[in-house]
Amino acid sequence: MVDMRMFRDEVTRWAGGGSGGAARELAEPLGVHTVVLLEGLSDLAAVEALAERQGRDLTAEGVCVLSMGGAMSVGRYAARLGPSGLGLRLVGLCDEREKPFFDRGLAPDSTPCHAVFVCSADLEDELIRALGPERVEEIVHAEDESRPWHTFLQQPAQHGRPRHQQLRRFMSTRKGRKIRYGRLLVEALAPEQVPAPLDDLFARL
């Protein structure tokens, strides 16, 4: 049975230098018309969690959410998926410092349909600010991470830093932690707390 994961995997292989034949064959039966280009897996976890919260089946809507493994890859993906490739609409979500990569990567295939939504620092920062540091700390404790969190706070580099910056850094100190908290923080959001970049992204899908 054809599913969006198969299409996503084939696009990743294609962007890595493989053949694009399988991706082309899968796009039509899936009805793919839009691809959301994301930097990493934590962003993917957050977007998928928000889709679930909003009761949206992005696959059924013809939307593929894709982690590129870094913003520097956006040009390769855009060339294969945009007007000069599969002819799909491209939508991006990125960190502020990575926006130049998206601007350059999408420029050759730029159309009015393309849109990039920018997080002020990164998506974790947006989510922490939306929930508030106290609520995020509650989630950390609920995940049975009180001990590593308090150990982290004892590091000299963390002394005197704002709490939201400490939380953001903590989520990057262990493999897989950003991915896990990307989902958990989105699941904790009230509808009115969804950060603007995510909210605007979903409004365009």
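The text that follows walks through the structure, step by step, so that each part is easy to find. Because the structure is a prediction, the values reported are computed rather than measured.

1. Some words on the packing of aromatic side chains
Tallying each qualifying case throughout the model produces three aromatic pairs. For the pair W149 and F152, a centre-to-centre distance of 6.0 Å together with 20 degrees between the ring planes defines the contact as stacked. Of the two residues, W149 and F152 are both situated in helix α8 (residues 146-153); the distance of three residues between them amounts to about one turn of the helix. Of the two residues, W149 and F152, both sit in the buried class. With a centroid separation of 5.2 Å and an interplanar angle of 70 degrees, the aromatic rings of W149 and F170 are classed as edge-to-face. Taken as a pair, W149 in helix α8 and F170 in helix α9 (residues 163-170) lie far apart in primary sequence, 21 residues in all. With a relative accessible area of 0%, W149 lands in the buried category. Through successive ring pairs, a cluster of aromatic residues spans W149, F152 and F170. The side chain of R177 reaches across the aromatic face of F170, ending 4.1 Å from its centre.

2. Notes on the nonpolar core
Counting 39 residues, the largest nonpolar core has V47, V65, L93, L185, V186, L198 and L201 as its most contacted members. Here this core gets six residues from one element, more than from any other, and that element is helix α3 (residues 41-53). If we ignore the near neighbours within four places in the chain, the residues touching L198 are V47, L50, L93, L123, L127 and V186. Counting 26 residues, the second largest nonpolar core, distinct from the first, contains A23, L90, C94 and L106.

What counts and what doesn't
Residues numbered from 1 in each chain as written. Predicted model: local features only at pLDDT ≥ 70, side-chain atom pairs only at ≥ 80, totals over all residues. Heavy atoms only, no water. Phe/Tyr/Trp six-rings, centres within 6.5 Å; stacked < 30°, edge-to-face > 60°. Helix = DSSP H or I, 4+ residues; strand = E, 2+ residues; numbered from the N terminus. Buried < 20%, exposed > 50% of the residue type's maximum accessible area, 1.4 Å probe, protein only. Lys NZ or Arg CZ within 6 Å of the ring centre and 35° of its normal. Core = buried A, V, L, I, M, F, W, Y, C linked by side-chain atoms within 4.5 Å. Contact = heavy atoms within 4.5 Å.

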